[in-house]
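# Secondary and tertiary structure notes
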2 protein chains.
Amino acid sequence: MLTAKGRRTLHRIVDGATAELRERGVDELRLEDVMARTGVSKGQLFHYFPDGKEGLLLAVVRREADQVLSDQEPYLSDLTSWMAWQRWRDRLIDRYVRQGDRCPLRGLLGDTGRRIPAAQSVLTDLIDRWQTSIVTGIRCMQETGEVSSEVDASRTAASLIAGIQGGVLLLTSTGRTDYLESAVDNVIEGLKGHCSRP
Amino acid sequence: MLTAKGRRTLHRIVDGATAELRERGVDELRLEDVMARTGVSKGQLFHYFPDGKEGLLLAVVRREADQVLSDQEPYLSDLTSWMAWQRWRDRLIDRYVRQGDRCPLRGLLGDTGRRIPAAQSVLTDLIDRWQTSIVTGIRCMQETGEVSSEVDASRTAASLIAGIQGGVLLLTSTGRTDYLESAVDNVIEGLKGHCSRP
DNA sequence: GCAGGAATGGACTGGCCAGTCCAGAAATTC
DNA sequence: GAATTTCTGGACTGGCCAGTCCATTCCTGC
């Protein structure tokens, strides 16, 4: 019930909608713009997304959520040394600084959740997976003794994620990168400060 | 050019719009809802805000920005001891946890800036003032020797603000309070860890 | 090659909502 | 108390845009 051609069209729609969402934000996103950008007719759009705008946006949100994490690979899943942490940190910051306000996270965190109830669970799921990866990284460092075992991995990871979210938010709204950098560096330095063999 | 009666009406409009903004968010805010809530007619609305919705929202945003800081007083301006920091922290978190998603910050940080260009400068101004207060607090602690003079006050303040923003964002979108708490506590503990007389 | 489903194009509808306009009431000023 | 300004109510307009509908064309299996 979906030919190869159809699959391609569907893909094209999601691609276009993703770009449109990043550029304009949820509330300014118009189906007509997606149509213009992708060269797809209204009939097609509702053929592939019978639930209309909401269904389309949900598909976009799901993709973006995956993108956020896969953008951080392979570093995020391998936080096993200070050098690895540094590389992850550099990649993360570079990514968001480059993206400026065409930012996937911005779309997810802004009012999107409020507009599309189903997006809420996608978001919490993303945050959970993210936190889990970081916790794993911290535990690993504790096992090798490079981080004190007294550190609460879960809380530290939570604070790191909050710092990233806030940093990105401030980056997109003020254009300044130092909030994001300071937040991430501060948490990592805190981790280093708790080194069990100084 | 504004009678006492007029001033009262204007006030009533801003009040209603503020409540409406917190409940619904920028993109879902309807002038008709503000009218219904405040019992004000369309003619009045455009009489007091000739620029229409945008002008009204700008007025609301300005008020909210002031509110964010004054909510933290008198603690924010008096971060002169660890106990004071603790009280400030408690007040801040209590405030946001109580507010849930009827949150002034959410309105300011979300897509509001994008929608209302003039709001951007209100926001950066708010962040600047906030950061300045925190920096002052840290410097004060350094002078009394309770925080090492090696600490970069500006960067630490930036990381604290980023953590708060992210924490609040995650609080409103996931309902979990631990991101905000962890973020704030982590920065403060980091500050304590740099105590120059252990 | 033909049936039936998949894919496409685009005209049309209907609701929503910001913003306009003006007429009349209430106040302020002199 | 007349003139002028401010204030108020609400009907009306016009544009925008999601969603509907259907006619047509394109596949695909048999």
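Quick caveat, the model's predicted, so the values are computed rather than measured.

### Focus: the protein's contact with DNA strand D
- Close contacts around DNA strand D come from 20 residues, with Arg30(A), Thr3(B), Ser41(B), Gln44(B) and Tyr48(B) the closest.
- The contact in question runs from a phosphate oxygen of DNA strand D to an N or O atom on the side chain of Tyr48(B), over 2.8 Å.
- At the level of secondary structure, the elements contributing two or more residues to the surface near DNA strand D comprise helix 2 (31-38) and helix 3 (42-48) of chain A together with helix 1 (4-24) and helix 3 (42-48) of chain B.
- Tallying contributions element by element places helix 3 of chain B first for the surface near DNA strand D, with 4 residues.
- Across the surface near DNA strand D, the residue classes tally to 6 nonpolar, 8 polar and 6 charged.

### Looking at the pattern of salt bridges
- Here the structure, examined in full by the defined rule, presents 36 salt bridges over all chains.
- Ionic pairing is found between Asp27(B) and Arg115(A), a salt bridge with its closest N-O pair at 2.7 Å. Separated into two different chains, Asp27(B) in the loop between helix 1 and helix 2 (31-38) and Arg115(A) in helix 7 (residues 112-115) make up a pair that spans both.
- Note on Arg115(A): relative accessible area 26%, which makes it partly exposed.
- Note that Arg95(B) and Asp71(B) form a salt bridge whose closest N and O atoms lie 2.7 Å from each other. A residue pair is termed long-range when its members are at least 10 positions apart, and Arg95(B) in helix 5 (residues 82-99) and Asp71(B) in the loop between helix 4 (52-70) and helix 5 qualify at 24 residues.
- Because the salt bridges share partners, they merge into one network encompassing Glu20(A), Glu23(A), Arg24(A), Asp33(A) and Arg37(A).

### A few points about the protein's contact with DNA strand C
- As a structural note, the neighbourhood of DNA strand C is formed by 21 residues, with Ser41(A), Gln44(A), Tyr48(A), Arg30(B) and Lys53(B) the closest of them.
- The sugar-phosphate share of atoms of DNA strand C within 4 Å of the protein amounts to 66%.
- At 3.2 Å, a side-chain N or O of Thr9(A) approaches a phosphate oxygen of DNA strand C.
- With respect to DNA strand C, the backbone of Leu31(B) contributes an N or O atom lying 3.3 Å from a phosphate oxygen.

### Overview of the domain arrangement of chain A
All names here are of chain A.
- Along its sequence, chain A is carved into domain 1 (4-60) and domain 2 (62-193).
- Spacing between the C-alpha centres of domain 1 and domain 2 amounts to 28 Å.
- Contacts between domain 1 and domain 2 engage 14 residues on the former and 16 residues on the latter.
- Taking both partners together, domain 1 and domain 2 bury about 1300 Å²; carbon and sulfur atoms supply 53% of that area.
- For the domain 1 face of the interface with domain 2, the top three residues by lost area are Arg22, Val26 and Leu58, together amounting to 48%.
- Connecting domain 1 to domain 2 are 2 salt bridges.
- For Arg22, the salt bridge identified is with Glu64, shortest N-O distance 2.8 Å.
- Summed over the shared surface of domain 1 and domain 2, the number is 8 residue pairs in polar contact (both at pLDDT 80 or more).
- Counting only elements with at least two residues in the side of domain 1 that touches domain 2, the list comes to helix 1 (4-24) and helix 4 (53-70).
- Each residue belonging to the side of domain 1 that touches domain 2 can be placed in one class, and the counts come to 6 nonpolar, 2 polar and 6 charged.

### Section: the interface of chain A and chain B
- Taken together, the contact between chain A and chain B spans 41 residues of the former and 41 residues of the latter.
- Both faces considered, chain A and chain B share a buried interface measuring about 3400 Å² in area, 50% of it formed by carbon and sulfur atoms.
- Taken together, the links from chain A to chain B amount to 8 salt bridges.
- Linking chain A with chain B are 11 residue pairs in polar contact (both at pLDDT 80 or more).

Rules of the game
- Counting restarts for each chain: residues are numbered from 1 in the order of the written sequence.
- Labels follow written order: the first chain is A, the first ligand is 1, and so on.
- Given that the model is predicted, a residue must reach a pLDDT of at least 70 before its local features are reported, and side-chain atom pairs must reach 80 or more before they are shown or counted; all residues, however, enter totals for whole chains, interfaces and linings.
- Remark: hydrogens and water are excluded; side-chain values derive from all non-hydrogen atoms of the structure.
- Consider each residue's heavy atoms; a residue with any of them within 4 Å of a molecule or strand counts as near.
- Two N or O atoms form a polar contact when they lie within 3.5 Å of each other; inside protein one atom must be a possible hydrogen donor and the other a possible acceptor, and for residues adjacent in sequence the pair counts only when both atoms belong to side chains.
- Numbered from the N terminus, helices here are DSSP runs of H or I no shorter than four residues, and strands are runs of E no shorter than two.
- Amino acids are sorted into nonpolar (Ala, Val, Leu, Ile, Met, Phe, Trp, Tyr, Cys and Pro), charged (Asp, Glu, Lys and Arg) and polar (every other residue, Gly among them).
- Salt bridge, as used here, is a side-chain nitrogen of Lys or Arg placed within 4 Å of a carboxyl oxygen of Asp or Glu.
- Categorising residues by exposure relies on relative accessible area from a 1.4 Å probe, with only protein chains included: less than 20% of the type maximum marks a residue as buried, more than 50% marks it as exposed, and the intermediate range marks it as partly exposed.
- Here the limits of each domain have been adopted from an automatic or database domain assignment.
- Whether two residues are in contact is decided by their heavy atoms, any of which lying within 4.5 Å being enough.
- Buried area: the sum, over both parts, of the accessible surface (1.4 Å probe) that disappears when the two are put together.

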